[in-house]
Amino acid sequence: MTASDKAFTGSIPQMYDELLVPLIFTPYAQDLARRIKTLRPRDVLETAAGTGVVTRALDAELPPEVRITATDLNEPMLAQAKTHLTDARRVAFQQADALALPFADASFDVVACQFGVMFLPDRVKGYAEARRVLRPGGRFVFNVWDRIEDNEFAHVVHETLQRVFPDNPPQFFTRTPHGYFDPLKIRADLSDAGFSDIVIEPLPHRSRAPSAREPAVAYCQGTPMRGEIEARGAPDLTTVTEAAANALRQRFGSGPVVGQIQALVISAR
């Protein structure tokens, strides 16, 4: 991972929230919230909360007495998340690094993280921090994207960028969001951090958009991939986005588009 992979700044948080959240994140957020509800927690900590799609799902799913603390390293992402939950008094937002959580030992019954552990520079340390703040018997519940070939829109955009920039192709997708999908590696990292009772399962969904342009804009302009594209200078961001849209149209058609997405859902005690 590079420093730019964590650059959710400028217009990215809003575009991410408006385009990527409904495109690929919402069903997995709802899944995590339902799983966490069955654990009957009193206090839930969310790390790498982003623009708050899981936070909103937890607020909708959990009983009103459950306290939710949503954290993220990037303040602009939290600022966007807060716009959705201005009246949710039981939700507290706090900027925090998942590698050095500002909470006492044994403070939470559940730690949740949606598609965030791939961005941690030291995953074992991040997992150990999650374990430290869990109460005895508490659970760490999170998800990661499966390999890029099982996520069709992202794969088409990635392959397009390899053709547009043959001499220096952007690798953000395969390096980070789709770069941590080996169950054996995930299980080993969790074990090294002290977790046990580890369950890993694939969860497929279908991603839908009104046209090919929405996923093209979402991936090229609403993720840190944008920085990689802009750093190359030419062709410019608009031209690259249109190339991705054209590739998606060729694959999925000129009307509404539907593609496979797949993640791994992990739970550990």
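Refer to the structure printed above.
Let me begin by describing the structure that accompanies this report.

Definitions and limits used
Residues numbered from 1 in each chain as written. Predicted model: local features only at pLDDT ≥ 70, side-chain atom pairs only at ≥ 80, totals over all residues. Heavy atoms only, no water. Core = buried A, V, L, I, M, F, W, Y, C linked by side-chain atoms within 4.5 Å. Buried < 20%, exposed > 50% of the residue type's maximum accessible area, 1.4 Å probe, protein only. Contact = heavy atoms within 4.5 Å. Axes fitted to C-alpha atoms, helices over the stretch in contact; angles between N-to-C directions. Helix = DSSP H or I, 4+ residues; strand = E, 2+ residues; numbered from the N terminus. Parallel < 35°, antiparallel > 145°, perpendicular 65-115°, else oblique. Left-handed = near helix turned anticlockwise from the far one by under 90°. Nonpolar A, V, L, I, M, F, W, Y, C, P; charged D, E, K, R; others polar. Salt bridge = Lys/Arg side-chain N within 4 Å of Asp/Glu carboxyl O. Pairing = 2+ DSSP bridges.

## Quick word on the nonpolar core
Logical step 1: Ranked by size, the top nonpolar core spans 86 residues in total, and within it V117, F140, F142 and L190 carry the most contacts.
Logical step 2: The residues touching V117, leaving out its near neighbours within four places in the chain, are R123, Y127, F140, F142, V144 and Y180.

## As for the packing of helix 8 (residues 213-221) against helix 10 (residues 237-252)
Logical step 1: Between helix 8 and helix 10, whose axes approach to 8 Å, the crossing angle comes to 135°. Put simply, helix 8 runs oblique to helix 10. Once helix 8 is placed against helix 10, the crossing between them reads as right-handed. Listed contacts from helix 10 to R213, P215, A216, V217, C220 and Q221 of helix 8 are L237, T241, E242, A244, A245, L248 and R249.
Logical step 2: Split by residue class, the contact of helix 8 with helix 10 holds eight nonpolar, two polar and three charged.

## Examining the pattern of salt bridges
Logical step 1: Applying the stated criterion across every chain yields a total of 23 salt bridges.
Logical step 2: Taking the shortest distance from any N to any O, the salt bridge between E61 and K37 comes out at 3.5 Å. Here E61, found in helix 2 (residues 53-61), pairs with K37, found in helix 1 (residues 12-38); they are 24 residues apart in sequence, far enough to count as distant.
Logical step 3: Residue E61 is classed as partly exposed on the basis of its relative accessible area of 28%.
Logical step 4: A single network of salt bridges, built from pairs that share partners, joins R42, D43, R67, D109 and R135.

## Re the sheet that holds strand 3 (residues 91-95)
Logical step 1: Strand order across the open sheet formed by seven strands is 3-2-1-4-5-7-6, with mixed pairing between neighbours. With partners counted over all chains shown, the strands left at the sheet margins are strand 3 and strand 6 (199-209), one partner each. Averaged over all pairs of adjacent strands, the angle between strand axes in this sheet comes to 20°, irrespective of strand direction.
Logical step 2: Two strands pair when backbone bridges link them, and strand 4 (residues 108-114) and strand 5 (residues 134-145) are joined in this way by six bridges, in the parallel orientation. Within strand 5, the residue paired with C113 across the bridge is F142.
Logical step 3: Against the sheet, helix 3 (residues 75-82) engages strand 2 (67-72) and strand 3, with an angle of about 165° to strand 3.
Logical step 4: Taken strand by strand, helix 4 (residues 123-133) contacts strand 1 (43-47), strand 4 and strand 5, and its axis lies near 145° from that of strand 5.

## A look at unusual backbone geometry
Logical step 1: Geometrically, the link from A234 to P235 is a cis peptide bond, its omega value of -5° lying close to zero.
Logical step 2: You will see that R40, though not glycine, has its phi angle at about 55°, which is positive.
Logical step 3: Position of R40 among the secondary structure elements: in the loop between helix 1 and strand 1.
Logical step 4: With phi around 50°, A48 is a residue other than glycine that occupies positive phi space.
Logical step 5: The topology assignment puts A48 in the loop between strand 1 and helix 2.
Logical step 6: Looking at A48, the relative accessible area reads 28%, which means it is partly exposed.

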